[in-house]
Amino acid sequence: MQKTTANTSFLVLLLMMLTLSGCTRFTSNYEEPTVGLKTFRLIPTEGIIPTFEIGLHIINPNRESLDISGLYYTVTVEGHKVLAGVARDLPEIKGYGEGDITIEATVDFLSGAKLIRSLLVQPTSTFQYTFNAKLDLGPFIPTMNIVEKGHFSAEETFELAK
């Protein structure tokens with residue numbers, strides 16, 4: 001009876017070691033994809049609440065295709081979180097390939113109002129923004145965080161809206 005228990009324990013231990021070594025081999029050659037903010041622009045809408053188009057460009061330096069399970073993003077302007085959202089059913093990026101993801105985001109009305117109120121107190125013609133995103137790349141690859149910072153002017157924004 002003890003011999004059977006010892007054999008079972010040995011087999012379980014061996015299976016665990018093989019599984020872990022397989023995971024190590026799988027992730028040891030993995031390189032983090034390059035993700036850049038391609039577009040961030042105001043798009044024409046019929047309502048009073050503005051909508052933005054956010055474009056990401058992704059480069060996959062790995063042999064395996066990149067299946068993006070989901071994306072969570074936020075955009076702050078002058079320290080106010082004005083956009084937040086999620087996206088799923090995103091396109092697959094083939095191994096050693098690249099592709100674009102485009103999402104549309106609508107301004108959070110209350111956060112937008114707070115931004116406008118702060119701009120009435122302290123007017124500015126140039127706005128600082130921060131784009132944060134978390135890409136879920138599946139169960140075996142850690143999530144990837146993206147932070148892009150920049151600025152835009154009021155004149156650029158109004159020209160884009162035309």
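About the criteria used
- Residues numbered from 1 in each chain as written.
- Predicted model: local features only at pLDDT ≥ 70, side-chain atom pairs only at ≥ 80, totals over all residues.
- Heavy atoms only, no water.
- Helix = DSSP H or I, 4+ residues; strand = E, 2+ residues; numbered from the N terminus.
- Buried < 20%, exposed > 50% of the residue type's maximum accessible area, 1.4 Å probe, protein only.
- Contact = heavy atoms within 4.5 Å.
- Areas by Shrake-Rupley, 256 points an atom, 1.4 Å probe, with all protein chains shown as cover.
- Patch = residues over 30% accessible without salt bridge, like charges linked within 9 Å, V, L, I, M, F, W, Y side chains within 5 Å.
- Salt bridge = Lys/Arg side-chain N within 4 Å of Asp/Glu carboxyl O.
- Pairing = 2+ DSSP bridges.
- Axes fitted to C-alpha atoms, helices over the stretch in contact; angles between N-to-C directions.
- Core = buried A, V, L, I, M, F, W, Y, C linked by side-chain atoms within 4.5 Å.

### Digging into the overall build of the protein chain
Reasoning step 1: For the protein chain, the count of helices and strands is 3 helices and 7 strands.
Reasoning step 2: Along the chain direction, N to C, the helices and strands of the protein chain fall in the order α-β-β-β-β-β-α-β-β-α.
Reasoning step 3: Per-residue burial for the protein chain yields a buried fraction of 33% across its 162 residues.
Reasoning step 4: A sequence separation of at least 24 residues applies to 63% of the contacts in the protein chain between residues at least 6 apart.
Reasoning step 5: Counting only carbon and sulfur atoms, one obtains 58% of the accessible surface of the protein chain, whose full area is about 11,100 Å².

### Describing a nonpolar patch on the surface
Reasoning step 1: Taken together, the side chains of I48, I49, F109 and L110 make up a nonpolar region of the molecular surface, amounting to roughly 470 Å² of accessible area.
Reasoning step 2: Along the chain, L110 turns up in helix α2 (residues 109-121).
Reasoning step 3: Among the residues examined, L110 registers a relative accessible area of 62% and is labelled exposed.

### Regarding the sheet that holds strand β5 (residues 97-106)
Reasoning step 1: The 3 strands are arranged β1-β2-β5 in an open sheet whose pairing can be described as antiparallel. With one partner strand each, in any of the chains shown, β1 (34-43) and β5 form the two edges of the open sheet. When the angles between neighbouring strand axes are averaged without regard to direction, this sheet yields 20°.
Reasoning step 2: Sheet topology note: the strand β2 (residues 51-60)/β5 ladder contains 10 bridges and is antiparallel. Within β5, the residue paired with F52 across the bridge is A105.

### Overview of the nonpolar core
Reasoning step 1: Of all hydrophobic cores here, the largest spans 34 residues; its most connected members are I54, I68, L71, L83 and L135.
Reasoning step 2: Among the secondary structure elements, those contributing two or more residues to this core are β1, β2, β3 (70-77), β4 (80-88), β5, α2, β6 (126-136) and β7 (144-153).
Reasoning step 3: Residues contacting I68, with those up to four places away along its chain left out, are I58, L90, P91, I93, I101, L135, D136 and L137.

### Examining the pairing of β6
Reasoning step 1: Pairing of β3 with β6 involves 8 bridges; the strand directions are antiparallel. By the bridge assignment, V77 is partnered in β6 with Y129.
Reasoning step 2: Here β6 runs beside β7; their pairing, made up of 10 bridges, is antiparallel. Paired with N132 across the strands is V147, a residue of β7.

### Quick word on the pattern of salt bridges
Reasoning step 1: Across all of its chains, the model carries 3 salt bridges by this definition.
Reasoning step 2: Note that D100 and K38 form a salt bridge whose closest N and O atoms lie 2.8 Å from each other. With D100 in strand β5 and K38 in strand β1, this residue pair connects regions lying 62 residues apart in the sequence.
Reasoning step 3: With its nearest N and O atoms 3.1 Å apart, the salt bridge here joins K94 to E92.
Reasoning step 4: With relative accessibility at 53%, the residue K94 sits in the exposed group.

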